[in-house]
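# Structural description and commentary
Here's the letter readout for the chains.
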Amino acid sequence: MTSMLEATDMMVAKQSTEAPAPYRCGDRICATSPEGTRYLARVEAVKRTAAGEFTVLAAVTEPRRFRSHLLTATVGADGYGPAVRPAA
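Worth saying up front: this structure is predicted, and the values here are computed from it rather than measured.

In this section: the nonpolar core. In terms of nonpolar packing, the biggest core is built from 14 residues, with Y23, I29, V56, L71, V75 and V84 touching the most fellow members. When residues of this core are traced back to their parent elements, those giving at least two are strand 1 (28–32), strand 2 (38–48), strand 3 (54–62) and strand 4 (70–75). Among the elements that line this core, the one with the most residues is strand 3, at four residues. Non-local contacts of Y23, meaning those with residues more than four positions away in its chain, are made with I29, V43, V46, V56, V75, G79, V84, R85 and P86.

Here we come to unusual backbone geometry. The peptide bond linking E62 to P63 adopts the cis configuration, its omega dihedral lying at -5°. Within the secondary structure layout, P63 lies in the loop between strand 3 and strand 4.

What the rule picks out here adds up to one aromatic pair. Residues Y39 and F66 carry aromatic rings whose centres are separated by 5.5 Å and whose planes lie at 75° to one another, so their mutual orientation is edge-to-face. Highlighted residues: Y39 in strand 2 and F66 in the loop between strand 3 and strand 4, separated in sequence by 27 residues.

Conventions used here
- Residues numbered from 1 in each chain as written.
- Predicted model: local features only at pLDDT ≥ 70, side-chain atom pairs only at ≥ 80, totals over all residues.
- Heavy atoms only, no water.
- Core = buried A, V, L, I, M, F, W, Y, C linked by side-chain atoms within 4.5 Å.
- Buried < 20%, exposed > 50% of the residue type's maximum accessible area, 1.4 Å probe, protein only.
- Helix = DSSP H or I, 4+ residues; strand = E, 2+ residues; numbered from the N terminus.
- Contact = heavy atoms within 4.5 Å.
- Phe/Tyr/Trp six-rings, centres within 6.5 Å; stacked < 30°, edge-to-face > 60°.

This is the structure in structure tokens:
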């Protein structure tokens, strides 16, 4: 049998745990531009935003002519954003 204090502590601990980042450095993502161009990119950094989402910074690997470019995107805890998804 647990006391009311222990039960409250357990509830607070469950609420305060944050979702882990959906990507780690080196993961691959696929992004689609508004024009329909698809980019494959390697994740370089992931930061949590105040809204509980994540900002992803990634280096483009495909198409080849954009290899020197970086892209940023905002994704949810599931790793999906308006035009971003995990690469298959």
